[in-house]
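What follows is the residue order along each chain.
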Amino acid sequence: MGLKVGTVKLEKYDFNWANEFNEEKEILFKIFGDIAIKIEHIGSTSIEGLSAKPIIDIAIAVNKLEDFEKVKSYFEKEPYSIKENSVNDEILVRKGSEDNRTHFIHIMELNSKRYQDTIIFRDYLKYNIDTLKAYEKLKKDLANKYSNNRKMYTASKNDFIQKVIETAYEEQIE
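So, a few notes on the structure that sits alongside this text.

Here is what the cut-offs are and how they apply
- Residues numbered from 1 in each chain as written.
- Predicted model: local features only at pLDDT ≥ 70, side-chain atom pairs only at ≥ 80, totals over all residues.
- Heavy atoms only, no water.
- Pairing = 2+ DSSP bridges.
- Helix = DSSP H or I, 4+ residues; strand = E, 2+ residues; numbered from the N terminus.
- Axes fitted to C-alpha atoms, helices over the stretch in contact; angles between N-to-C directions.
- Contact = heavy atoms within 4.5 Å.
- Core = buried A, V, L, I, M, F, W, Y, C linked by side-chain atoms within 4.5 Å.
- Buried < 20%, exposed > 50% of the residue type's maximum accessible area, 1.4 Å probe, protein only.
- Parallel < 35°, antiparallel > 145°, perpendicular 65-115°, else oblique.
- Nonpolar A, V, L, I, M, F, W, Y, C, P; charged D, E, K, R; others polar.
- Patch = residues over 30% accessible without salt bridge, like charges linked within 9 Å, V, L, I, M, F, W, Y side chains within 5 Å.
- Areas by Shrake-Rupley, 256 points an atom, 1.4 Å probe, with all protein chains shown as cover.
- Salt bridge = Lys/Arg side-chain N within 4 Å of Asp/Glu carboxyl O.
- Lys, Arg positive; Asp, Glu negative; His and termini not counted.
- Charge placed at Lys NZ, Arg CZ, Asp CG, Glu CD.
- Phe/Tyr/Trp six-rings, centres within 6.5 Å; stacked < 30°, edge-to-face > 60°.
- Expected span 1.5 Å × (residues − 1).
- Arc of directions from axis to C-beta.

## Some remarks on the sheet that holds strand β2 (residues 56-62)
Across a sheet, strands are paired by hydrogen bonds formed along the backbone, either parallel or antiparallel in direction.
Then, in step 1: Spatial strand order, β1-β2-β5-β4-β3: 5 strands in an open sheet with mixed pairing. Strands at the two margins of the open sheet, each flanked by one partner only, are β1 (38-42) and β3 (80-82). Pairwise comparison of adjacent strand axes, ignoring direction, gives a mean angle of 25 degrees for this sheet.
Then, in step 2: Contacting β1, β2 and β5 (100-109), helix α2 (residues 113-127) crosses the sheet at an angle of about 45 degrees to β1.

## Here's the deal with the nonpolar core
Then, in step 1: Among the nonpolar cores identified, the biggest contains 24 residues, and L28, F32, I60, F68, F75, V93 and I107 are the most heavily contacted of them.
Then, in step 2: Those elements giving two or more residues to this core turn out to be α1 (16-32), β2, β3, β4 (91-97) and β5.
Then, in step 3: Core analysis: the second largest hydrophobic core is formed by 12 residues, F121, Y135, I165 and A168 among them.

## With respect to unusual backbone geometry
Then, in step 1: In this chain, E78 is followed by P79 through a cis amide linkage whose omega measures 10 degrees.
Then, in step 2: Structurally, P79 is set in the loop between β2 and β3.

## Considering the environment of V8
Then, in step 1: Here V8 lies in the segment before α1.
Then, in step 2: Ignoring any residue separated from it by four or fewer positions in sequence, one finds V8 in contact with L3, K53, A143, Y146, S147, N149, R150 and Y153.

## Quick notes on the packing of α2 against helix α3 (residues 129-145)
Helix packing geometry: the angle between the two helix axes and the distance between the axes.
Then, in step 1: As a packed pair, α2 and α3 sit with axes 5 Å apart at the nearest point and diverge in direction by 110 degrees. Between α2 and α3, the angle is such that the two are roughly perpendicular. Contacts from F121, Y124, L125 and Y127 in α2 reach I129, T131, L132 and Y135 in α3.
Then, in step 2: For the contact of α2 with α3, the residue count by class is 7 nonpolar, 1 polar and no charged.

## Digging into a negative patch on the surface
Then, in step 1: Negative charge collects at one region of the surface, where E66, E69, E76 and E84 lie side by side.
Then, in step 2: Relative to the helices and strands, E69 resides in the loop between β2 and β3.

## Some details on the pairing of β1
Then, in step 1: Across the 5 residues of β1, 4 count as buried, placing the element largely inside the fold.
Then, in step 2: Note that β1 and β2 share 5 bridges and pair antiparallel. Bridging from a neighbouring strand, K38 pairs with A61 of β2.

## Description of the pattern of salt bridges
Side chains carrying opposite charge are able to pair once their charged atoms draw close together.
Then, in step 1: One pass over the full model with this rule turns up 8 salt bridges.
Then, in step 2: One network of salt bridges, in which partners are shared, links E40, R122 and D123.

## Some words on the packing of aromatic side chains
Then, in step 1: Tallied over the entire structure, the rule returns 10 aromatic pairs.
Then, in step 2: Relative to F75, the ring of F32 lies with its centre 5.7 Å away and its plane at 45 degrees, an arrangement referred to as tilted. You can see F32 sitting in helix α1 and its partner F75 sitting in the loop between β2 and β3, a full 43 residues away along the chain. In this pair, the class of F32 matches that of F75, namely buried.
Then, in step 3: Aromatic pair F68 and F75: ring centres 5.7 Å apart, planes at 25 degrees, arrangement stacked.

## A word on α1
Then, in step 1: Between its first and last C-alpha, α1 extends 24 Å over 17 residues, near the 24 Å set by a 1.5 Å rise per residue.
Then, in step 2: By the burial criterion, the buried members of α1 are W17, F21, E24, L28, I31 and F32. All buried residues of α1 project into a common sector of 80 degrees when viewed along the axis, lining one side. Exposed side chains of α1 directed beyond 90 degrees from the buried face belong to E23 and K30.
Then, in step 3: Looking at the buried positions of α1, the neighbouring elements they touch are β1, β2, β3, β4 and β5.
Then, in step 4: G33 lies just past α1 and shows a positive phi near 55 degrees.

Put into structure tokens, the structure is as follows:
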């Protein structure tokens, strides 16, 4: 479990990833208390059958990002670190060393587009096997191409992800 920062290595789906998520979820609920409205397993490790980098992605939904200030001090020390310059509508906390990053914890506002997009993308892949297979093929191709450049690997998935999100919203409306 875990991966060196900047590298890309996919592993076949591992049922233990759900256990890893549940263990961290318990820790996070104790830290966040009622600040956390929801704590969800997201990303490829949350989707049975999908190959993934062995890093657990977790979404924590809060009312306001400013609520994170109440628990921020806990994440300013090992094994956690707060990513400086997180995107505007998310605070990213990392768990694990640079040689073995194990978790990404995404703090987002419950009603934000970013949170909603994250959840709808995960759920769409879970219930649409053809899209899941296409995503897995893309991930494998990109992992081979960008094994030492995680930024390019991630950026190269964006168009596919956006199309899936748009499709998911359209099908939800119909």
